[in-house]
Amino acid sequence: MRTNLTLYIFLTALLFAACKREDDNVFKQSPDERINQVLNTYSTALTSAEYGWKGLVYPSAFSTVPFSFYFKFDTANRVKMYADWDSATLIDARESSYRLKALQQPCLLFDTYSYIHILCDPDASINNGYYGGGLLSDFEFILDGMSSNGDTIKLTGRQHASKAVLVKATSKEAQDYYDRKRNWDFLYSSRFLTYFKKLHTGKGDYDIYINESFKNIRIVNANVKFSAGYYLTPNGVAFDKAFTDAGETIYGFNNVVWSEDNQVMTLQVNGRAATITSDKKPYIVDSTAGTRWYNAAVNAANYYIAPYGIHVDGQNDYYNFSSIPGFAYLFFFPNYGQSGYEFTGLMENSYYGPALKRKISAAGITTFTYGGTFGDIPDHGTTPISNIVTKFTESTGFYMVQTSDYNTYDMVNVKDARSWISWQLY
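Trainee: Give a description of the nonpolar core that names residues and reports values.
Mentor: Across soluble globular proteins, you tend to see nonpolar side chains buried next to one another. Formed by 30 residues in total, the largest nonpolar core has its most connected members in F69, F71, F73, L108, F110, I153 and L155. Per-element tally for this core: the top contributor is strand β2 (residues 67-73), with 4 residues. Sequence-distant contacts of F73, that is, excluding residues within four places in its chain, are made with L46, T47, W53, R78, V79, Y98, L108 and F110. By size, the runner-up hydrophobic cluster in this structure holds 28 residues, among which are W293, Y294, F327 and M400.

So this is what it looks like as C-alpha cells:
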C-alpha cells in the first residue's frame, strides 16, 4: 500500500511538472514585455502616419452623434489637432500631450486640455451637455484593435465607454485641414424660408431633415427611412454610414453651394448634379410624430424647451423673447399639474404663460385652443403671451417632425411652413 501511494505521489508530481513546463512555453515573453510590444506597435502606427489621422468620436450621451477631428502625433508625445466643434476649432490647431500606457489594457491618453476635452468638459455651458459630465465623452481611450493594414484604429473610452475611430488621412485630406477648408454651405439649410426641404438626386426625390445641433440627417420617402450622423468635409458633407436607394449607395454630398436669392442648394451626388429645395408640405407626413412628442414628455415627467424662441420668415426668436430681462427659454409642459391643460410660456425668474388644450387629428396635425393662463403675468409679459397665443392657436395647426433620436422635434405651422419651433426635452 505504501509503495502504491509513493508511486501515485511521484506520478502526480511528474504530471504537474510537465503541465508547468508546457504553460511556461506558451509565451516566450513576460506579460510586461508583451504589453510593451503592443504599445510600441500602436506608437509606431500613430507617429509614422505621414499625413496624420482623421478621427470620429461618439460621446456616450449622444452615441449616434459624430464629432470630427484631425490628429498629427509626433514621437515627443505631442499631438496637434483640429475639430469640427465650431469654426474656431477648425481654424486654430491645438496642441496637447499624449501618452500610450498600459492600464490593464493598452490605452491612449490625452493628458492636457485640448479640443477632445470639450466633449467631456463638466461645465455644461461649454458643450450644452450635462453639468458634471458634459456629453459623457472621454479623453482616455482603450485601444481596441487595429486593422490588418494598419490604417484604422478603434477605441473605447475608459470612463464613459464613448466610441471613437481613427483612420489614416491622405495627403490632400491633411492639407485641407491645414488650409482650413471646410464647406459651411450645408449648414445654411436653416436659411430656407419654408421649413420642408426636398432632395432631388436625379434618381429619387426625398424629404431631407438636417439637425445641426445633433449632427443628424434624415432622408425619407415612401420606400426608405434613413438616419445617420454627418460631418463637414472640405467641399461638402459626409455621412457616418451609407445611404442606399434607387440602385445606388450615397456616402455624402459634394460641391455644396447655397443660394439665398434662389432659395436652392446645389450639390453633387456620386458626381451627378442634385438639388435641395423647400416646400410648405413634406412628401411624407409623419402622422404619429405629434403623439410621440407629447408622450415623451409625459412619460419622462418633464417638459420641452426652445431656447431660440419662435422662428418666423427666416428669423430665430422672431418675437424677441431674448430681450426680456432674465429670459431663459420658451417651454411646453404637457398636462400641467394634471389640469388637462398644457402650460406653454416663458421662463424668466419664474414660469408664466397661456394654458392650452391640445388636439391631434388622424392625419397627424396638432392644434391648440386657448384656455386661460398659468402663473403671474408681469406687465412686460402681456405682449409676448399674446404673440404665443396667436401663433399656437392658428386654425390650420402644426406638423410635428422628429429631428433626432434624442427627443428633439420641430413644430411647423401648416399654413405656409414659414414659422416653426424647435423643441428639445429638458
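The rest of the description comes next.
Trainee: Pulling in residues and values, what's your account of the confidence of the model for the chain?
Mentor: Per-residue pLDDT for the chain has a mean of 91; in total, 94% of the residues score no lower than 70. Confidence scores differ between elements of the chain, with helix α1 (residues 2-24) showing the lowest mean pLDDT of 48 and strand β9 (residues 196-200) the highest of 98. Confidence drops under a pLDDT of 50 for residues 7-11, and excluding neighbours within four residues, the segment shows 0 contacts in the predicted structure.

Trainee: So what's going on with the sheet that holds strand β4 (residues 94-103)? Residues and values would help.
Mentor: Judged by pairing direction, the barrel is antiparallel, and its 8 strands sit side by side in the order β1-β2-β3-β4-β5-β6-β7-β8 before closing back on the first. Each adjacent strand pair in this sheet contributes to an overall mean axis angle of 35°, direction not counted. Relative to β2, strand β1 (residues 53-58) is paired through 5 bridges, and the arrangement is antiparallel. Paired with K54 across the strands is Y70, a residue of β2. In this fold helix α2 (residues 31-48) packs onto β1, β2, β4, β5 (105-110), β6 (140-146), β7 (152-157) and β8 (163-168), with an angle of close to 160° to the strand it touches most, β4. Strands β1, β2, β3 (78-83) and β8 of the sheet are contacted by helix α6 (residues 171-178), whose axis makes an angle of about 105° with β2.

Trainee: Break down the pairing of β6 for me, citing the residues and quoting the values.
Mentor: In terms of strand pairing, β5 meets β6 through 3 bridges, oriented antiparallel. Looking across to β6, one finds that C107 is bridged to I142. The sheet contact formed by β6 and β7 spans 5 bridges and is antiparallel. Bridge assignment links M146 to a residue of β7, and that residue is I153. What sits between β6 and β7 in their antiparallel hairpin is a turn of 5 residues, with G150 showing a positive phi close to 75°.

Parameters at a glance
Residue positions are counted from 1 within each chain, in the order its sequence is given. Reporting in this predicted model follows two pLDDT cut-offs: at least 70 for local features of residues, and 80 or more for side-chain atom pairs to be given and counted; totals over whole chains, interfaces and linings ignore these cut-offs and use all residues. Values shown for side chains rest on all heavy atoms present in the structure; no hydrogens or waters enter the calculation. Residues grouped as a nonpolar core are buried Ala, Val, Leu, Ile, Met, Phe, Trp, Tyr and Cys residues, joined through side-chain atoms within 4.5 Å. Residue burial is assigned from relative accessible area. The probe radius is 1.4 Å, only protein chains are included, and a residue is buried under 20% of its type maximum, exposed over 50%, and partly exposed in between. Per the convention used, a helix needs a DSSP run of H or I reaching at least four residues, while a strand needs a run of E reaching at least two, with both numbered from the N terminus. Whether two residues are in contact is decided by their heavy atoms: any pair within 4.5 Å suffices. Each residue carries a pLDDT score, the predictor's confidence in it, ranging from 0 to 100. When DSSP finds at least two bridges between two strands, those strands are taken to pair. To get an axis, fit a line to the C-alpha atoms, keeping to the stretch in contact for a helix; angles then go from 0 to 180 degrees between the N-to-C directions.

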